[in-house]
Amino acid sequence: MDFSLPPDAVAFAATVRRWLAEHPPERFPIDGMDAGYGSGAHSHAFLRALAAEGWISMAWPREYGGQERPLVEKLVLLEELAAAGAPFGPLAGCDQTADAIIRYGTERLRQELLPRIARGEATFWQGFSEPGAGSDLLALTTEARRDGDEYIVRGHKIWSSHAGISTHGLVLARTGRDPRRSHGLSMFVIDNRAPGMEIRPIRNMTGGIYHYEVFLDEVRVPRDMLLGREHEGFVELLKGLDTDRFWGRFYKAPALKRVLAELVTYANTTSRDGVLLARDQGLRRTLAALATELEALRLLFYRIGWMLEQGLPTPYESALAKVLADETGQKVAAFGLELLGPFGALRQDSPWARLGGRLQHIYQTSLSHTIAGGTSEVLRTTVATRGLGLPRDAGGRSALPRDAEARS
Amino acid sequence: MDFALNDQQRLLVAVARDVLDKHCPPALVQELALDPRGFRDELWTNVAQLGWAGLLIPADLGGSEASLTEVMLLVEEMGRACFPGPFIPSAVVATTAILAAGTPAQRERLLPAMAIGDQRCTMALAEQDGSFTSADVRMAVDHGGRLHGTKLFVKDAHLAQHLVVAVRADGHAANGAPAITLLVIDTDRAGVRMTPLDAMSGEKLFAVSFEGVAVTSDDVLDEPGHGGEAFASALRAGALARGAEMVGAAQRILELTVDYAKVRVQSGRPIGAFQAIQHRCADLLRNVEAARVMLYHAVWKAEHGVDDASVAMAKAYVGDACLGVARSAHQIFGAIAYCEEHPLHLLHKRIHAGATDYGDRVTHLESVARAIGLA
């Protein structure tokens, strides 16, 4: 066992911190909502600044313009960015799309999209969920039919993050009839500017816009924008989904540590009834307990990162870690709100807001995390069946294949 | 970054599992939990012959100089088997204290016999308030060189030839904490009396009274007032070992519970096919995996001489997570595990014993609170 980072990764962490000091994250213009996952707000400008350092493509193979840096350095980058509260919201989508294109993309996707991703110009939304297909993703009805060298896509996607401010969508659609519901699906990369696309924002309970719904009305997609094999899109998606959950939550522990540090400062500087909050044994103990839980979360994620780097199978680990990340996040947010008392409810622009009014936003967004990307219930079932070998629930879902967990 | 055990460590775990499966079955553990002495000499001799008692002791004193990690992996297996006996107090905690503070003569006198399991030593730390922190040590040697007072929660005192006793010294240590002296006192010295405490775990705990026990300078580890650091490292070792024991016990509970959920049929299907049970089982796995990674991280830090809040975090987290595993397992098993002959309650109570020993959750969270900068 060795819990230390390799010297190169330690040096790289210092480089990132230095760079962040020279490029203060708060100076970058924001163009999309912070959904609270830890990757901050959406900022095209910040993404381009990361690209200028070569950090988007740092782990890619050299033949696609990457530097083949080890995975642990990518983890270090994400951890440092999250700890600084940087607005790198679109990065995870870029990383995952690039990863899929490198693994099984067409030559056209590689030639056209990888350089644009590396420059921070192309960003992505996921078109998986539909109004009738949430946790039961395989109930999706969006269809793509072949027409010569094109597909014609028709359907309705929903809960697509940042769809309105991205350049492309990854759209899962049914391309064939197959009695096995997990087959006959294909994944397409669709340009947001394609005729027939209508992208409508969904205003959420925070007052902001993060999700969109997308109507695809006879949208023509060139055949070589198929990502992966025809009819096997779901099977390939699943391979990515598991690591998706890992990458999409890796930065949560450092981001929550940042929140906790603010709560500690608040407790150290705020009195009630003449007693410093930090001296209240109950509050003190809760803050300490949350700090230990965040440490456990951080270590679990590093362990999965190490497993991925070693090429070890992770049949349930990401599902388990995602559940823990999102539930721990909800605990931190709920406790933070409680610590602030009536001030916790005040929004950013209120003159009386404490801690910049951030806690109410963190609290509200945290509610969506245990739903998005696989609900905690679906994922606990994954852990139980794939991790512990418990029998699949026989209650009416026998047609569901082994891997059929959904995401939104 | 490497989260895997090396070959040597895997071998140690495999041997330990095998030995304990054979010589420490649940029926024996149950029998010893109900027995007032609670000890099987053959079992102790067996494991001593494997060199386990001397793992932390240097080779020139008859030990095998294993790493802290190896010792903790062994204790994890012992926790899995609910191993009865003074391994943690003697071979881990007292050994750590004697190594940290003993003079060469004291080390020569005590450790070779402990390394081969012929003699055992246990720790007398907590007093009336049940606290394992040095600030709460109040007993002191009087001006006539006599020791009066009572230590509580002394594990396996009836099996030990020696006690490491923490007492208050005059003045303060360099870090401002009250100065501590560590004494080694033989259990058969005049004035030492033991009264059993009747604990639910079946672990043999004692109140050890010192009724005017004569103390000489030979009994002092290091110098009077210089025991603070050894006290702290012994506590750290004890917290880690109890943590390892809890993780092992929780792992065993996880396995027993999941195995049961696969075969116990109700309403025409295994209860493990019901989501209500599946989700509980998923949380058992989550708790065990998170507890284990916290423990290993803290062990690694301690082995590398990093003295931060990792041990406190691990002890607080592991205790809470593993107790959660035990309680939820009771719910999954239903009525059957409420029986005395079922092993679950023994594992559960062993975890509870570990969670309170060498600093309970409240104590360790206070250390964490200071480490994260709370005023």
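Every value quoted in this text rests on a predicted model; they were computed, and no experiment measured them.

Our next topic: the overall build of chain B. Counting its regular elements, chain B contains eleven helices and nine strands. For a compact globule of 375 residues, the expected C-alpha radius of gyration is about 21 Å, and chain B comes in at 21 Å, within 12% of that figure. By its C-alpha atoms, chain B is 75 × 50 × 40 Å across when sized along the principal axes. When each of the 375 residues of chain B is scored for burial, the buried share is 54%.

Before going further, it helps to spend a moment on the packing of helix 8 (residues 275-303) of chain B against helix 9 (residues 310-333) of chain B. All names here are of chain B. The interhelical angle for the contact between helix 8 and helix 9, taken along N-to-C directions, is 160 degrees, at an axis separation of 9 Å. As far as their axial angle goes, helix 9 and helix 8 are roughly antiparallel. When the axes of helix 8 and helix 9 are compared, the crossing they make is left-handed. Class assignment for the residues of the contact of helix 8 with helix 9 results in 20 nonpolar, six polar and three charged.

Attention shifts here to the nonpolar core. One finds Phe188(A), Leu287(A), Ala250(B), Cys281(B), Ala291(B), Met294(B) and Cys322(B) to be the most contacted residues of the largest nonpolar core, which totals 248 residues. In terms of residues, this core owes the most to one element, helix 7 (residues 228-263) of chain B, which gives 19 residues. When near neighbours in sequence (up to four residues on either side) are disregarded, Ala291(B) contacts Val247(B), Ala250(B), Tyr317(B), Val318(B), Ala321(B) and Cys322(B). Core analysis: the next-biggest nonpolar cluster, separate from the first, contains five residues, Ala35(A), Tyr37(A), Ala41(A) and Tyr210(A) among them.

Turning next to the sheet that holds strand 2 (residues 146-155) of chain B. All names here are of chain B. The strand order 2-6-5 describes an open sheet built from three strands, whose pairing is antiparallel. Each having just a single partner strand, strand 2 and strand 5 (192-198) make up the two edges of the open sheet. Each neighbouring strand pair of the sheet contributes to a mean axis angle of 15 degrees, computed without reference to strand direction. Pairing analysis gives seven bridges linking strand 5 to strand 6 (residues 204-214), with the strands arranged antiparallel. Looking at strand 6, one finds that Val 192 is bridged to Phe 210.

Another aspect to go through is the confidence of the model for chain A. Looking at chain A, the pLDDT average stands at 94 and 96% of residues meet or exceed 70. A low-confidence stretch, residues 396-408 of chain A stays under pLDDT 50, and its non-local contacts, those more than four residues away or across chains, total 28 contacts.

This part takes up the environment of Arg37(B). All names here are of chain B. Note on placement: Arg 37 falls in the loop between helix 2 (26-34) and helix 3 (41-49). Looking at Arg 37, the number of C-beta atoms within 10 Å reads 12, which means it is exposed. In the structure, Arg 37 is positioned 40 residues away from Glu 77 in sequence and 23 Å away in space, judged by C-alpha atoms.

A few words on the domain arrangement of chain B. Residue and element names in this part refer to chain B. Domain boundaries assigned for chain B yield domain 1 (7-115), domain 2 (121-225) and domain 3 (230-371). The distance between the C-alpha centroids of domain 1 and domain 2 comes to 22 Å. Contacts between the two partners involve 18 residues from domain 1 and, on the opposite side, 16 residues from domain 2. Looking at the side of domain 1 that touches domain 2, the elements that each hand over two or more residues are helix 2, helix 5 (87-101) and helix 6 (104-115). The greatest single-element share of the side of domain 1 that touches domain 2, amounting to seven residues, is contributed by helix 5. Here the side of domain 1 that touches domain 2 is built from residues that sort into twelve nonpolar, five polar and one charged.

Parameters at a glance
- Residues numbered from 1 in each chain as written.
- Chains lettered and ligands numbered in written order.
- Predicted model: local features only at pLDDT ≥ 70, side-chain atom pairs only at ≥ 80, totals over all residues.
- Helix = DSSP H or I, 4+ residues; strand = E, 2+ residues; numbered from the N terminus.
- Rg over C-alpha atoms; globule rule 2.2 N^0.38 Å.
- Buried ≥ 20, exposed ≤ 12 C-beta atoms within 10 Å, placed from the backbone.
- Axes fitted to C-alpha atoms, helices over the stretch in contact; angles between N-to-C directions.
- Parallel < 35°, antiparallel > 145°, perpendicular 65-115°, else oblique.
- Left-handed = near helix turned anticlockwise from the far one by under 90°.
- Nonpolar A, V, L, I, M, F, W, Y, C, P; charged D, E, K, R; others polar.
- Core = buried A, V, L, I, M, F, W, Y, C linked by C-beta atoms within 7 Å.
- Contact = placed C-beta atoms within 7 Å.
- Pairing = 2+ DSSP bridges.
- pLDDT = per-residue confidence, 0-100.
- Domains from an automatic or database assignment.

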